[in-house]
Amino acid sequence: RRTTMTRTVNEEGGIHVHDITADSPEWKPLAPGIRMRVLRTCQATGIWIVLYEVKAGTVASPHKHFGSSDSFVIKGRMTAGGPGGRTLVQGDYAHEPNNQRVHEATSFEEDTYHLYIHTGPMMYLNEDGSTKSIVDWKVMNDFGGLQAA
């Protein structure tokens, strides 16, 4: 029998260490059509790593990065940057440097599993450009239920 998740998190040099197995029940709803697992957060570097499960037809809000990001599509298809933007499909990897520009909405044309690594905060925007929410390592740490030992 496998342990579904190690709930105790050790902190060594600012790095949170924990295990999540494939059969872990730790998927959490984030927004309509989007569930996620928080895989790792780090206060020292500001990194947060999540696995998104997104249903086809879902559109994620426009956003602004205040740090670099890395994306890997495990399965599915997504288009970042609105119509005419960059499309990523299964097996594609993309890196975005810290550019602090607004990214248009991201659409998911197929059911998608998306591994996402971000350094620093990210701001989600309302349609009028006002701040909807700000996400950083601490928000993700708390959302994922990670607890420092």
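All values derive from a computational prediction rather than experimental measurement. (Residues numbered from 1 in each chain as written. Predicted model: local features only at pLDDT ≥ 70, side-chain atom pairs only at ≥ 80, totals over all residues. Heavy atoms only, no water.)

### Topic: the overall build of the protein
Thinking step 1. Secondary structure summary: the protein contains one helix and 17 strands in total.
Thinking step 2. Across the 149 residues of the protein, 40% fall into the buried class.
Thinking step 3. Carbon and sulfur atoms make up 53% of the accessible area of the protein, which totals about 8,000 Å². (Helix = DSSP H or I, 4+ residues; strand = E, 2+ residues; numbered from the N terminus. Buried < 20%, exposed > 50% of the residue type's maximum accessible area, 1.4 Å probe, protein only. Areas by Shrake-Rupley, 256 points an atom, 1.4 Å probe, with all protein chains shown as cover.)

### Considering the nonpolar core
One recurring pattern in soluble globular proteins is that nonpolar side chains are buried together.
Thinking step 1. The biggest cluster of nonpolar side chains holds 19 residues, and the ones touching the most others in it are Met36, Trp48, Val50, Tyr52, Tyr116 and Met140.
Thinking step 2. Breaking this core down by element, the ones donating at least two residues are strand E4 (34-41), strand E5 (47-54), strand E15 (122-125) and helix H1 (137-143).
Thinking step 3. Ranked by residues supplied to this core, first place goes to E5 with four residues.
Thinking step 4. In this structure Met36 touches Glu26, Trp27, Lys28, Leu30, Val50, Leu51, Tyr52, Met140 and Phe143, once residues within four positions along its chain are discounted. (Core = buried A, V, L, I, M, F, W, Y, C linked by side-chain atoms within 4.5 Å. Contact = heavy atoms within 4.5 Å.)

### Some remarks on the pairing of strand E8 (residues 69-75)
Thinking step 1. Looking at chain direction, E8 and strand E11 (residues 93-96) are connected through four bridges and run antiparallel. Paired with Phe72 across the bridge in E11 is Tyr93.
Thinking step 2. Where E8 lies against strand E14 (residues 112-119), six bridges are found, and the strand directions are antiparallel. Note on E14: the bridge partner recorded for Asp70 is Ile117. (Pairing = 2+ DSSP bridges.)

### What about the sheet that holds strand E16 (residues 131-135)?
Thinking step 1. With antiparallel pairing, the four strands of this open sheet are ordered in space as E12-E7-E15-E16. At either end of the open sheet lies a strand with only one pairing partner, and these are strand E12 (102-103) and E16.
Thinking step 2. Bridge analysis of strand E7 (residues 63-65) against E15 gives three bridges, and the strand direction is antiparallel. Bridge pairing in E15 places His63 opposite Tyr124.

### Observations concerning the confidence of the model for the protein
Thinking step 1. Of all residues in the protein, 81% attain a pLDDT of 70 or more, and the chain-wide mean is 83.
Thinking step 2. Element-level mean pLDDT values for the protein span from 48 in strand E1 (residues 8-12) up to 96 in E14.
Thinking step 3. In the predicted structure, residues 1-10 sits below a pLDDT of 50 and forms 36 contacts with residues beyond four places in sequence or in another chain. (pLDDT = per-residue confidence, 0-100.)

### Looking at a nonpolar patch on the surface
Thinking step 1. On the surface, Phe72, Ile74 and Tyr93 cluster together to form a nonpolar patch covering roughly 290 Å² of accessible area.
Thinking step 2. With respect to the element layout, Tyr93 can be found in strand E11. (Patch = residues over 30% accessible without salt bridge, like charges linked within 9 Å, V, L, I, M, F, W, Y side chains within 5 Å. Salt bridge = Lys/Arg side-chain N within 4 Å of Asp/Glu carboxyl O.)

### Points about the pattern of salt bridges
A pair can form between side chains of opposite charge whenever their charged atoms are brought close.
Thinking step 1. Inspection of the entire model under this criterion finds four salt bridges.
Thinking step 2. Between Glu109 and Arg77 there is a salt bridge; the shortest N-O distance is 4.0 Å. With Glu109 in the loop between strand E13 (106-108) and E14 and Arg77 in strand E9 (residues 77-80), the pair connects residues that are 32 residues apart, well separated along the chain.
Thinking step 3. Overall, Arg77 belongs to the partly exposed group, its relative accessible area being 32%.
Thinking step 4. In this structure, the salt-bridge partner of Asp142 is Lys138, at a minimum N-O distance of 3.0 Å. Of this pair, Asp142 and Lys138 both sit in helix H1, four residues apart, which is roughly one turn of that helix.

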